[in-house]
Amino acid sequence: MAFEPINPPQFPTPIAPYSAGAKAGNTVYVSGVLALGEGGAVLHVGDAAAQTRHVLEVIKTTLEAAGATMADVAMNHIFLKDLGDYAAFNQVYAEYFPGPKPARYCIKCELVKPDCLVEIASVAHIG
């Protein structure tokens, strides 16, 4: 099955060769999102809650560009640099998923840029 790349025009140029998302049938895959600005500059350095909010807003925008919403998200892949940020992350995360919660996993790992604290990749099913 062919897929449609999803690249909202308001996003900065990606720091690597990838699309922000891909839509295949009724499924939308959102690439791992970091709190990055133009030129790959890390935003909200040292603030896991603000980075989480930024990441989830980017995911929301990507999904909307593909015709989906946050309520369509079925799975989130979560990467935290420090598990000490888990509570702050969850507080913001809960705001974006107030109803039925998608499946997810969360692992502690190094991220592509040292000042990045949170990365999330999502899978949504429309309809």
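Heads up: these notes are all about the structure in this document. All residue numbers refer to positions counted from 1 along the written sequence of the respective chain. In keeping with the predicted nature of the model, local features appear solely for residues at pLDDT of at least 70, side-chain atom pairs appear and are counted solely at 80 or more, and the whole-chain, interface and lining totals rest on all residues. Side-chain numbers come from the whole structure's heavy atoms, not from hydrogens or water.

**Quick word on the overall build of the chain**
- On a plain count of helices and strands, the chain comes out with two helices and six strands.
- Helix and strand definitions follow DSSP, with helices as H or I runs of at least four residues and strands as E runs of at least two, each counted in order from the N terminus. For the chain, the N- to C-terminal ordering of α and β elements is β-β-β-α-β-α-β-β.
- Taking 127 residues into account, the globule formula puts the C-alpha radius of gyration at 14 Å, and the chain, at 14 Å, falls close to it.
- In terms of overall dimensions, the chain has C-alpha extents of about 40 × 35 × 20 Å along its principal axes.
- Buried residues in the chain amount to 41% of all 127 residues.
- Contact between two residues is taken to exist if any of their heavy atoms lie within 4.5 Å; hydrogens are not considered. Put simply, of all contacts in the chain between residues at least 6 apart along the chain, 69% involve residues at least 24 apart. Atoms counted for the radius of gyration: C-alpha only. Globule rule: 2.2 Å times residue count to the power 0.38. Only protein chains enter the accessibility calculation, which uses a 1.4 Å probe; a residue whose area is less than 20% of its type maximum is buried, one above 50% is exposed, and one in between is partly exposed.

**Looking at the pattern of salt bridges**
- A pairing counts as a salt bridge when a side-chain nitrogen of Lys or Arg comes within 4 Å of a carboxyl oxygen of Asp or Glu. Under the counting rule described, the total for this entry stands at one salt bridge.
- Across the pair Arg53 and Glu95 runs a salt bridge whose closest N-O atoms are separated by 2.8 Å. Residue Arg53 is located in helix 1 (residues 48-65), and its partner Glu95 is located in helix 2 (residues 86-96); the two are separated by 42 residues in the primary sequence.

**So, the nonpolar core**
- Definition of nonpolar core: a set of buried residues of the types Ala, Val, Leu, Ile, Met, Phe, Trp, Tyr and Cys, connected through side-chain atoms within 4.5 Å. Counting 25 residues, the largest nonpolar core has Leu56, Ile59, Leu63 and Ile120 as the members making the most contacts within it.
- Going through the elements one at a time, strand 3 (27-33), helix 1, strand 4 (73-80), helix 2 and strand 6 (118-125) are the ones with two or more residues in this core.
- Here this core takes six residues from helix 1, the largest share from any one element.
- Among all residues touching Leu63, those that are not within four sequence positions of it are Val28, Val30, Ala68, Thr69, Met70, Val73 and Ala124.
- Grouped together as the second largest cluster of nonpolar side chains are five residues, Leu34, Leu36, Phe79 and Cys116 included.

**Topic: the environment of Gln91**
- Checked against the element boundaries, Gln91 lands in helix 2.
- Along the backbone, Gln91 and Thr52 are 39 residues apart, and their C-alpha atoms lie at a distance of 9.5 Å.

**A word on a nonpolar patch on the surface**
- The patches described consist of residues with a relative accessible area above 30% and no salt bridge, like charges being joined within 9 Å and nonpolar side chains (Val, Leu, Ile, Met, Phe, Trp, Tyr) within 5 Å. Here, Shrake-Rupley sampling with a 1.4 Å probe gives the accessible areas, and only protein chains in the shown set may cover a residue. Nonpolar side chains collect at one region of the surface, where Ile15, Tyr18 and Val112 lie side by side and expose about 280 Å² of accessible area between them.
- With respect to the helices and strands, Ile15 occurs in the loop between strand 1 (4-6) and strand 2 (21-24).
- On the basis of relative accessibility, which here comes to 40%, the residue Ile15 falls in the partly exposed class.

**Points about the layout of surface pockets**
- One number sums up the size of the largest pocket: a volume of about 480 Å³.
- A cavity, in this analysis, means grid points on a 1 Å lattice covering only the protein atoms where a 1.4 Å probe fits yet has no way out; a pocket is instead an open set bounded by protein on both sides within 12 Å along at least five of seven lines, and a residue lines either one if it has an atom within 4 Å of a point. Lining the largest pocket are 24 residues; nearest its centre among them are Phe11, Pro12, Tyr18, Leu34 and Val58.
- Among the elements of the structure, strand 3 and helix 1 are those that each provide at least two residues to the lining of the largest pocket.
- Residues are sorted three ways: Asp, Glu, Lys and Arg are charged, Ala, Val, Leu, Ile, Met, Phe, Trp, Tyr, Cys and Pro are nonpolar, and all the rest, Gly among them, are polar. In terms of residue class, the lining of the largest pocket is made up of 13 nonpolar, nine polar and two charged. Grid points are joined across faces, edges and corners, and a volume is the space filled by probe spheres set on the points.

**Remarks on the pairing of strand 2**
- Note: two strands are recorded as paired if DSSP finds a minimum of 2 bridges between them. Here strand 1 runs beside strand 2; their pairing, made up of three bridges, is antiparallel. From the neighbouring strand, Ile6 faces strand 2, where its bridge partner is Gly21.
- Linking strand 2 to strand 3, which pair antiparallel, is a turn of two residues; within it Gly25 sits at a positive phi near 65°.

**Here's the deal with the side chain of Thr27**
- With respect to the secondary-structure elements, Thr27 resides in strand 3.
- The buried category is assigned to Thr27, whose relative accessible area is 12%.
- Side-chain polar atoms of Thr27 contact the side chain of His125, separated by 3.1 Å. Polar contact is the term for a pair of N or O atoms within 3.5 Å; when the atoms are in protein, one must be able to donate a hydrogen and the other to accept it, and sequence-neighboring residues count only if both atoms are side-chain atoms.

Any functional reading would require information that these geometric values do not contain.
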